Amino acid sequence: MGVEESVGEMAMRLRINQLPVEGSGLGVPYRTIADERERRSSGVAGDLPRDGVRRYLGNFGSRLMTPAEAKSIGSRVPSSSGNGELLETIFVAIASYRDWQCSQTVESALSRATHPERVRVAVVDQVQGKDKPCSLPPGGPCDENPDQATCKYQSQIDYFTVDARLSLGPVFARHLGHRMYRGEAFAMQSDAHVAFVAGWDDEIVEQWHSAKNEMAILSTYLSGTDDHIDLETGKRTSKSRPIMCVSDFEGSGGFKHLRHGQQPEGVPFIHDTPTLNPFWAAGFSFGRGHFVVNIPYDQHLPWIFQGEEISIGLRGFSYGYDFYSPERSVCYHFYGRKGVPMFWDNASLYRGSGEYGMNRLNAIIHMSNPSAGGDWIRTDEVKYGIGKVRDLQRFFDIFGIHVKEQRTEKHLCRFVGQPMQKEFIPFLRDNEMGLDYDKITYRFVDKWKDKK
């Protein structure tokens, strides 16, 4: 009788380097491995969704992914230089709401990349009436100006156009954008009105690798373009960048939630590696592609804007992901724009839906306001829920978040940076699969209550 191969051996034998697409043969190996793992284990799948990829990648957060599982996600493409180098691909998701600068952002991402052949852009373009579509290049149609990067690499851009009057807010738009992910090595998210620095793709990939953490997500609020970037050349003109360390409860009743505030910015004291943060930011996020597979935007959060960041952040933490600020920013935000349409222009068409969304958001991340009602949308609770790799209460305890009292310990920024890096980095797992929070005993308590 032959020796039965291990599940790990089966994984390596069937391993492929592209994310399975529903209904295609690409998904069979992942489903096969997940089915086989369940057959050999004493556990059962129960009522978990039949998603072969996420069952393979930790079974919806039931356990931490193995290094082999994590590394099985991610495609590469040959460098256009012809030197035989294979480049890790980058997926860029952009949700645009009637944004006239969207096409400029796409053009910037492709024209400023050292290797545009590795970049694939997915745009959810919410437009109406005479709005300029994101698909129209900033320099005019491609038959008139074919030298634009948007034209040269148009096969690497996907546009999903939505009638802006049907918009349900940025969370649903970003959910649609992430559904266009197709197995790239890295997944990035940015706003539709940003300018990229020259060589941003090589630089952000290098920064991610410098963390030596497969579960690292580089994420921060973006600095403004003024005094930070030469818009003509793409050259960075400032070394300062924000870190993510300010958050507090705001709102009232069922709409009370934890919201990240204005973040401090300065020249980093930590060099040659990104800086650990407790929080995730929606304006810029860069990490391995499996992050958007494991932590997809929840499509059942209508009219959520404030609150999406703590939702994604806590779900990511519970799956084992760690958040960092980049040492160097690779794109900058256009602030102070006037007369720009906002997604809440159509809020009157969907009265009451925002309360359902906020109730669901808070309930899933274990932060419900005691004064809020218990009615919330429970559809796909596992699919968009909390993992079991890390307990959320541990996060609240470590970073001074008091859910029952609806308050936070102030001055957390005095810990985030060098002190946090020194305290936490020793607990990075030897296999580079994230920080082992079970070994972290630190608890932040505000020692500067009498100071601003």
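Here we come to the overall build of the chain. Helix and strand counts for the chain come out as 13 helices and 18 strands. Burial statistics for the chain: of 452 residues in total, 57% are counted as buried. Nonlocal contacts in the chain, meaning residues at least 24 apart in sequence, comprise 76% of its contacts between residues at least 6 apart. Of the roughly 20,100 Å² of accessible surface on the chain, a fraction of 52% belongs to carbon and sulfur atoms.

This part is about the pairing of strand β4 (residues 119-127). Successive residues of a regular strand alternate their side chains across the two faces of the sheet. Counting buried positions over the nine residues of β4 gives nine, a clear majority of the element. What you see with β4 is no split at all: V119, V121, V123, D125 and V127 on one side and R120, A122, V124 and Q126 on the other are buried throughout. One ladder, built from eight bridges, connects strand β3 (residues 90-97) with β4; its direction is parallel. Paired with I94 across the strands is V123, a residue of β4. One crossover worth recording links β3 to the parallel β4 by way of helix α5 (residues 102-111), and it is right-handed. Bridging between β4 and strand β5 (residues 157-163) involves seven bridges; their strand directions are parallel. Note on β5: the bridge partner recorded for Q126 is V162.

It is worth spelling out the sheet that holds strand β13 (residues 275-277) at this point. The strands making up a sheet associate through hydrogen bonds between their backbones, and the pairing can be parallel or antiparallel. Pairing within the open sheet is mixed, and its eight strands lie in the order β5-β4-β3-β6-β14-β8-β15-β13. Unpaired on one side and paired on the other, β5 and β13 mark the two borders of the sheet. Taking each pair of neighbouring strands and ignoring which way they run, the sheet shows an average axis angle of 25°. The pairing of strand β6 (residues 186-190) with strand β14 (residues 284-288) spans five bridges and is antiparallel. Paired with M188 across the two strands is F286, which belongs to β14.

Residues A216 and L218 of strand β8 (residues 216-219) are buried on one face, and the alternating residues I217 and S219, pointing to the opposite face, are buried as well. Note: β8 against strand β15 (residues 322-325), three bridges, orientation parallel. The residue of β15 that forms the bridge with L218 is Y324.

Positionally, D191 belongs in the loop between β6 and β7 (194-196). A polar contact of 3.3 Å, which involves the side chain of D191, links it to the side chain of H333.

Applying the stated criterion across every chain yields a total of 25 salt bridges. As a salt-bridge pair, D191 and R174 come within 3.0 Å of each other at their nearest N and O atoms. You can see D191 sitting in the loop between β6 and β7 and its partner R174 sitting in helix α7 (residues 170-178), a full 17 residues away along the chain. In terms of burial, D191 and R174 fall into one category: buried. Across the pair E206 and R328 runs a salt bridge, and its minimum N-O distance is 3.1 Å. With E206 in helix α8 (residues 200-210) and R328 in the loop between β15 and β16 (331-333), this residue pair connects regions lying 122 residues apart in the sequence. Judged by its relative accessible area of 26%, R328 falls in the partly exposed class. One connected set of salt bridges, linked through shared partners, spans E203, E206, R236, E327 and R328.

Enumeration according to the criterion identifies 18 aromatic pairs in this entry. For the pair F415 and Y442, a centre-to-centre distance of 4.2 Å together with 5° between the ring planes defines the contact as stacked. Taken together, the positions of F415 in the loop between β18 (407-408) and α13 (418-424) and Y442 in the segment after α13 put the pair 27 residues apart, joining distant regions of the chain. Through pairs of rings, three or more aromatic residues link up here, namely F279, F317, F395, F396, F399, F415, F424, Y437, Y442, F444 and W448. Between the NZ or CZ atom of R390 and the centre of the ring of F317, over which it lies, the distance is 4.9 Å.

So, on to helix α11 (residues 353-364). In this model α11 runs 17 Å from its N-terminal to its C-terminal C-alpha over twelve residues, within 8% of the 16 Å that 1.5 Å per residue would give. Counting buried positions over the twelve residues of α11 gives ten, a clear majority of the element. Three or more residues of α11 are buried, namely S353, G354, G357, M358, N359, R360, L361, N362, A363 and I364. Where α11 is buried, its residues touch β11 (257-260) and α10 (308-319). Just past α11, the residue H366 takes up positive phi, approximately 60°.

Below, the discussion takes up the confidence of the model for the chain. In this model, the chain carries a mean pLDDT of 88, and residues with pLDDT of at least 70 account for 86%. Overall, residues 1-28 carries pLDDT values under 50, and its contacts beyond four positions in sequence, including any with other chains, amount to 49 contacts.

Now for the nonpolar core. In this structure, W200, F286, F291, M367, I401 and F424 are the most contacted members of the largest nonpolar core, which totals 109 residues. Ignoring sequence-local partners within four residues, the contact set of F424 consists of L276, I398, F399, F415, L435, Y437, I440 and Y442.

Looking now at α5. Burial analysis of α5 places eight of its ten residues in the buried class, which makes it a mostly covered element. Of the residues making up α5, those classed as buried are C102, S103, T105, V106, E107, S108, A109 and L110.

Let's shift gears to the state of the cysteines. Taken as a whole and assessed by the stated rule, the structure comprises three disulfides. There is a disulfide in this structure between C102 and C134, and the S-S distance comes to 2.1 Å. Sign of the S-S torsion, about -75° for the bond between C102 and C134, identifies this disulfide as left-handed. Of this pair, C102 sits in helix α5 while C134 is found in the loop between β4 and α6 (149-152), placing the two residues 32 residues apart along the sequence. When sorted by exposure, C102 lands in the same class as C134, which is buried. Between the sulfur atoms of C245 and its disulfide mate C413 the distance is 2.0 Å. Because the sign of the S-S torsion sets the handedness, a value of about 95° for the bond joining C245 and C413 places this disulfide among the right-handed ones. Note that C245 is positioned in the loop between β9 (241-242) and β10 (247-250) and C413 in the loop between β18 and α13, a separation of 168 residues in sequence. We classify C245 as buried; its relative accessible area is 3%.

How each quantity is defined
Residues numbered from 1 in each chain as written. Predicted model: local features only at pLDDT ≥ 70, side-chain atom pairs only at ≥ 80, totals over all residues. Heavy atoms only, no water. Helix = DSSP H or I, 4+ residues; strand = E, 2+ residues; numbered from the N terminus. Buried < 20%, exposed > 50% of the residue type's maximum accessible area, 1.4 Å probe, protein only. Contact = heavy atoms within 4.5 Å. Areas by Shrake-Rupley, 256 points an atom, 1.4 Å probe, with all protein chains shown as cover. Pairing = 2+ DSSP bridges. Right-handed = clockwise from strand over helix to strand, strands pointing away. Axes fitted to C-alpha atoms, helices over the stretch in contact; angles between N-to-C directions. Polar contact = N/O pair within 3.5 Å; in protein donor to acceptor, adjacent residues only side chain to side chain. Salt bridge = Lys/Arg side-chain N within 4 Å of Asp/Glu carboxyl O. Phe/Tyr/Trp six-rings, centres within 6.5 Å; stacked < 30°, edge-to-face > 60°. Lys NZ or Arg CZ within 6 Å of the ring centre and 35° of its normal. Expected span 1.5 Å × (residues − 1). pLDDT = per-residue confidence, 0-100. Core = buried A, V, L, I, M, F, W, Y, C linked by side-chain atoms within 4.5 Å. Disulfide = S-S within 2.5 Å.

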